[in-house]
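# Breakdown of the fold
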Amino acid sequence: METNDQRYLVQQNKIADGDKKPPVFAKVMRGKDGKFEGVSFIKNKEKATIMTVAEAQEVIDWAAGKKSNAKEYATKVICLGQ
């Protein structure tokens, strides 16, 4: 039996802010059927969605395609303990 390797977060920093402001983290929104619907970025790391690498990539792709100002942000996948 295969288990999902869920230990990743998606972190986003505004490039213009440099290291002055803390990063935000992805909270995934899913419908009643579990289908991916979107993402909101929140400051609270403990409430962020823990996900697999594939789910994290889905979040990054969604953010790049849906956010008009996506190029202003550095979005990356980090391990849970980072």
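Before any of the text, the structure's been laid out above.
Residues numbered from 1 in each chain as written. Predicted model: local features only at pLDDT ≥ 70, side-chain atom pairs only at ≥ 80, totals over all residues. Heavy atoms only, no water.

### Some details on the overall build of the protein chain
Along its length, the protein chain carries 1 helix and 4 strands. From first element to last, N terminus to C terminus, the protein chain shows the α and β order β-β-β-α-β. For the protein chain, whose C-alpha radius of gyration is 13 Å, the value lies close to the compact-globule estimate of 12 Å for 82 residues. Each of the three principal axes of the protein chain carries a C-alpha extent, and together these read 45 × 30 × 20 Å. Counting over 82 residues, the protein chain shows a buried share of 27%. Sequence separation of at least 24 residues holds for 54% of the intrachain contacts in the protein chain that already meet a minimum separation of 6. (Helix = DSSP H or I, 4+ residues; strand = E, 2+ residues; numbered from the N terminus. Rg over C-alpha atoms; globule rule 2.2 N^0.38 Å. Buried < 20%, exposed > 50% of the residue type's maximum accessible area, 1.4 Å probe, protein only. Contact = heavy atoms within 4.5 Å.)

### Things to note about the environment of S40
Turning to its location among the elements, S40 is positioned in strand β3 (residues 36-42). Under the relative-accessibility criterion, S40 is labelled partly exposed at 28%. Expressed as a C-alpha distance, the spacing of S40 and A63, which sit 23 residues apart in the sequence, is 9.2 Å. Excluding its chain neighbours within four sequence positions, the residues that come into contact with S40 are F25, A26, K27 and M29.

### Things to note about helix α1 (residues 53-66)
For α1, spanning 14 residues, the distance from its first C-alpha to its last is 20 Å, which sits close to the expected 20 Å at 1.5 Å a residue. Regarding α1, the residues found buried are A56, V59, I60 and A63. Axial view of α1: buried residues confined to an arc of 95 degrees, hence all on one face. Facing away from the buried surface of α1 by more than 90 degrees, the exposed residues are A54, G65 and K66. On its buried face, α1 is in contact with β1 (8-14), β2 (24-30), β3 and β4 (73-79). (Expected span 1.5 Å × (residues − 1). Arc of directions from axis to C-beta.)

### Examining the environment of V24
Residue position: V24 is located in strand β2. Considered as a pair, V24 and E46 are 22 residues apart in the sequence and their alpha carbons are 11 Å apart. When near neighbours in sequence (up to four residues on either side) are disregarded, V24 contacts V10, Q11, Q12, F41, I42 and K43.

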